[in-house]
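Working through the structure, step by step
Residues per chain are reported as follows:
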Amino acid sequence: MHLFRIRLAAVLLGTSLLAGSSASAQFRSRALRWSADGNAVVNIANGAITRTDVRSGQETPLITTAQLTPDGAKAPITVADFAFSRDSSQVLIFTNTARVWRYNTRGDYYLLSRQTAGGRPGQLRQIGAKQPAQSLLYAKLSPDGKRVAYVSKNNLYSEEVATGKVTQLTTDGTRKRINGTFDWAYEEEFGCRDGFRWSPDSKQILYWQVDASGIRDFLMINNTDSIYSFTIPVEYPKVGEAPSPTRLGVVSATGGPTRWLPIPGDPAQHYLVRAEWFPSSASDPAGRESAGRVIVQQLNRKQNQSTLFVCQTAKNTATPIFTETDNAWIDIKARWDRDDPTGWEWTQNGNAFLWVSEKDGWRHIYQLSSDGKQQTLLTPGNYDMSELERIDERGGYVYFTASPDNATQRYLYRVPLNGKGQETGPRPAERLSPTTLAGTHGYDISPNGTLAMHTFTNRSTPSTRAWVSLPDHAIVRGNAPKANTAKGKNVRFFTVTTAENVTLDGWMALPTDFDSTKRYPIVFYVYGEPAGTTTNDVFSAGQNDLFAGDMAKEGYIYAALDNRGTPTLKGAAWRKSIYRQIGRINIRDQAQGAQALFKQHSFIDTSRVAVWGWSGGGSTTLNLLFQYPAIYKTGIAVAAVANQLTYDNIYQERYMGLPQENRDDFVSGSPISHAKNLRGNLLYIHGTGDDNVHYANAEMLINELIKYNKSFQMMAYPNRSHGISEGAGTRQHLSSLYTSFLKTHCPPGGR
């Protein structure tokens, strides 16, 4: 249940084109693809693939549209993504993509051999040509470039580059037995999508198999696309249902039986969230070559215990090397590296790796030896790291973003990889972001840590970007960002302390022609759950894209607060105080924060108070409207979880526990338990094709409101998913509906 937000993120050098190509060629989720030396990036430009020098901006064609045109075709294929082989002689092209749940991860693949034996341009041919169109997922070249592996219809295949011979590696794939990729819940809540890995020697493939056969289908109904309605089944494990049993297997790239890794524990009570081969350069503890070793992260069902196993595939053993527990839950890598939520951060040629833990109360980076016996804290101090940005092992640094003094902002820091840097002990993190630019900084850093694409924004500065050198942060191409460039935008950031002595961050956008002697309506934008924050110091703060018009010019105060339990950089105790308390502690913080704000500012008209949110924010909106009807007079809830017992097991059990053990917490925190208290104006909006927060929530809520004779307004969008974006005119209609309801029930303007 995610807060809707948009995230923003080479040169032929010897035998390596792209950084990281020493592993099997695969598609990166980062926006930038760096050259191995860090001096250039490779982009898709005008239908072709080009190299751009970072300092000069000079572009050099690498793959032309002519090379991307199949024999007999009139036009080139459209490049959605691409990956070069380790020696850069081949490039794998992803095209004709289709959406799978959230992202376009399914489509067609073509392989271009950049040179023939005689040095002439090679041929472009389709991979998996006998499979149905748009059915291939996550195709990857083997490290030696001799094979391509891919998933089609939940089975795994290996195809020889030289001959085109295809070997089907698994044969038992069905809609609910999933090989080489993941089910809905793993994708949505763990960020797991690509479910197989080439071994460093190109001889074997490690893959996940998810058995969802025991998971009941949730049936979405389509009433509009045919005269007779039909159902769309989604295997969806509701909270309280056991997870899909998942296992990891190793199969030869040339076919044969799968050897399943003997990872201890009931697979229906655990999750396997990360797994990678050890690099070929790594050695086992006895100093021998590390062929055939795999590292795996397992979470128990409650997600409050994480165990790392090292598996010797040839010996069929799995040895635990590191375990940590938490009284609430343990966050996975997707929390601090959304670009690559499943990879491993190897150091020391694979004999160590970076690990992120909150075991001392703060989110810190550690370096662990590959046997788990040695741990070195790299980021000491009472602060949280936000995201891991780059490991520059040659330079001896790890780069990360953090904000020790203001949780609404982000800055770039680095610390030595050896954990010291001084004879006296660990060195404090070195800030690289300019002290003159307060706000939110983002980075995509070159492999050697010398260059970066730098983005900057704050409450009054639209997002800007430029190329910078590191560590001096000097501009090498582009314009230096200038703060406070927006005119007429009156957004104030503040803190407010509640009756329970909890200090909340917030922002408030005041009306354009603000007059402190008048009283204005206030509209709160809320989320309030562990999946996202609303008070980041970015240019979009104070803006409402759903409102048809300008809220400030209309005469509204627009505001947001982040309560306890939101994933901001205030320590683990802040974030995890919401454990088993969703729908209660977050709602109390929001209400008390609003009351404190009203006491501070006489220009807020407490008779015109509205609140709105989407997904988890929709749930927060309903709870605020129902639990604190004396404060909130109008609410607009979109795609809300009205009953926590309807949501998926991974998310809800992570933050709430198991309903078999503490069902009352789920009931008490669910909006339907408080619907009888509605006194104000409610607009409820939901898409009937929402595979994430099911439309059943709407009907359960409606039943409860009818039971207590409560008047409300409701809008169902046929076959629209959680984002309510599909179909002609949908967004305009949603915006018009939202705006009309708000203006009617919470009129704008000062009085």
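Residues numbered from 1 in each chain as written. Predicted model: local features only at pLDDT ≥ 70, side-chain atom pairs only at ≥ 80, totals over all residues. Heavy atoms only, no water.

Digging into the pairing of strand β22 (residues 317-325)
Short version of the rule: Here the rule is simple: two strands pair whenever DSSP picks up at least two bridges between them. In this text, helices come from DSSP runs of H or I with a minimum length of four residues, and strands from runs of E with a minimum of two, each type numbered from the N-terminal end.
Inspection of the sheet shows strand β21 (residues 305-312) paired to β22 by eight bridges, in the antiparallel sense. In the strand pairing of β22, glutamine 312 is matched with threonine 317. Adjacent in sequence and paired antiparallel, β21 and β22 are bridged by four residues, among which asparagine 316 carries a positive phi angle near 60°.

A few points about the packing of aromatic side chains
Basically, it comes down to this: Between rings of Phe, Tyr and Trp, where Trp is taken as its six-membered ring, a pair exists when centres lie within 6.5 Å; planes separated by under 30 degrees are stacked, by over 60 edge-to-face, and by other angles tilted. Using a 1.4 Å probe on the protein chains alone, a residue whose accessible area is under 20% of its type maximum counts as buried, one over 50% counts as exposed, and one in between counts as partly exposed. Ring-over charges, as used throughout, are those where CZ of Arg or NZ of Lys falls within 6 Å of the ring centre and within 35 degrees of the ring normal.
This structure, assessed with the given rule, holds 33 aromatic pairs. Relative to tryptophan 355, the ring of phenylalanine 353 has its centre 6.2 Å away and its plane inclined at 80°; by these criteria the two rings are edge-to-face. For the pair phenylalanine 353 and tryptophan 355, one class covers both residues: buried. With centroids separated by 5.2 Å and ring planes inclined at 80°, the aromatic side chains of tryptophan 612 and tyrosine 738 adopt a geometry described as edge-to-face. Of the two residues, tryptophan 612 sits in strand β41 (residues 604-614) while tyrosine 738 sits in helix α9 (residues 730-745), which places them 126 residues apart along the sequence. By the burial criterion, tryptophan 612 is buried, and tyrosine 738 matches it. What links up through ring pairs into an aromatic cluster is the set Trp184, Tyr236, Trp329, Tyr579, Tyr647, Tyr651 and Tyr655. Of note, arginine 33 hangs over the ring of phenylalanine 82, and the distance from its end group to the ring centre comes to 4.4 Å. Arginine 274 extends its terminal NZ or CZ atom over the ring of tryptophan 344, reaching a point 4.2 Å from the ring centre.

Overview of empty space enclosed by the protein
The line we're drawing: Buriedness of a pocket was judged along seven lines, with at least five required to meet protein on both sides within 12 Å; pockets are open sets of points on a 1 Å grid over the protein atoms alone, cavities are sets where a 1.4 Å probe fits but cannot get out, and lining residues have an atom within 4 Å of a point. Grid points are joined across faces, edges and corners, and a volume is the space filled by probe spheres set on the points. Charged means Asp, Glu, Lys or Arg here, nonpolar means Ala, Val, Leu, Ile, Met, Phe, Trp, Tyr, Cys or Pro, and polar covers whatever is left, Gly included.
Each pocket or cavity is described by its volume, and for the largest cavity that value is around 60 Å³. Contributions of two or more residues to the lining of the largest cavity are made by α4 (585-600) and α5 (616-627). Looking at side-chain class alone, the lining of the largest cavity contains five nonpolar, eight polar and one charged residues.

Quick notes on the environment of alanine 640
To keep things clear, this is the line we draw: It only takes one pair of heavy atoms within 4.5 Å for two residues to be counted as in contact.
Residue position: alanine 640 is located in the loop between β42 (634-638) and α6 (649-656). A relative accessible area of 0% places alanine 640 in the buried class. When the C-alpha atoms of alanine 640 and threonine 455 are compared, they prove to be 33 Å apart, with 185 residues separating the residues in sequence. When residues no more than four places from it in sequence are discounted, the contact partners of alanine 640 are Ser615, Gly618, Ser619, Leu622, Tyr684, His686, Val693 and Asn697.

So, the packing of α4 against α5
Let me state the cut-off plainly: Think of each axis as a best-fit line through the C-alpha atoms, taken over the contacting stretch in the case of a helix, with angles from 0 to 180 degrees between the N-to-C directions. Roughly parallel means an angle under 35 degrees; roughly antiparallel, over 145; roughly perpendicular, 65 to 115; everything else is oblique. Should the near helix be turned anticlockwise from the far one by less than a right angle, the crossing is left-handed, and should it be turned clockwise, the crossing is right-handed.
Contact geometry for α4 and α5: axes closest at 10 Å, N-to-C directions at 65°. When the axis of α4 is compared with that of α5, the two are roughly perpendicular. The handedness of the crossing between α4 and α5 comes out as right-handed. Here Asn586, Ile587, Gln590 and Ala591 of α4 come into contact with α5, specifically with Thr620, Asn623, Leu624 and Gln627.

As for the nonpolar core
A general trend in soluble globular proteins is that nonpolar side chains are found buried together. Threshold: As used here, the term nonpolar core means buried Ala, Val, Leu, Ile, Met, Phe, Trp, Tyr and Cys residues forming a set that is joined through side-chain atoms within 4.5 Å. For each domain, the first and last residues come from an automatic or database assignment.
Grouped together as the largest cluster of nonpolar side chains are 47 residues, with contacts concentrated most on Phe190, Leu206, Leu248, Leu261, Ile263, Val296 and Cys311. At the level of elements, α1 (184-190), β14 (204-211), β15 (217-222), β17 (246-252), β19 (270-277), β20 (293-300), β21 and α6 are the ones that each hand at least two residues to this core. Among the elements that take part in this core, β19 stands out by supplying five residues, more than any other. Taken together, domain 2 (174-344) and domain 4 (491-745) each give at least three residues to this core, which thus spans both. Discounting chain neighbours no more than four positions away, the residues touching leucine 206 are Gly195, Phe196, Arg197, Leu248, Gly249, Val250, Leu261, Ala275, Glu276, Trp277 and Val294. If you look at the next biggest cluster of nonpolar residues, it comprises 42 residues, including Ala559, Leu597, Leu622 and Phe626.

With respect to the layout of surface pockets
There is about 560 Å³ of room inside the second largest pocket. Forming the walls of the second largest pocket are 20 residues, and the residues nearest its centre are Val100, Trp101, Arg106, Asn154 and Arg175. Among the secondary structure elements, those contributing two or more residues to the lining of the second largest pocket are β5 (90-100), β8 (136-141) and β16 (230-235). Element by element, the count of residues in the lining of the second largest pocket is highest for β16, at four residues. Partitioning the lining of the second largest pocket into residue classes produces ten nonpolar, three polar and seven charged. Domain assignment of the residues forming the lining of the second largest pocket places at least three in each of domain 1 (35-168) and domain 2 (174-344).

Side note on the side chain of glutamine 298
By the element assignment, glutamine 298 lies in strand β20. The exposure class of glutamine 298 is buried, given its relative accessible area of 7%. Not counting residues within four places of it along the chain, the set of residues in contact with glutamine 298 comprises Ile263, Pro264, His270, Tyr271, Leu272, Gln305, Ser306, Thr307 and Phe309.

Quick look at the confidence of the model for the protein chain
In low-pLDDT regions, the fine details of the predicted coordinates are not to be read closely. Our working rule: Values of pLDDT, ranging from 0 to 100, describe the predictor's confidence in every residue of the model.
Put simply, the protein chain has an average pLDDT of 92, and 92% of its residues get 70 or more. Between residues 2-30, whose pLDDT stays under 50, and residues either more than four places distant or in other chains, the model counts 103 contacts.

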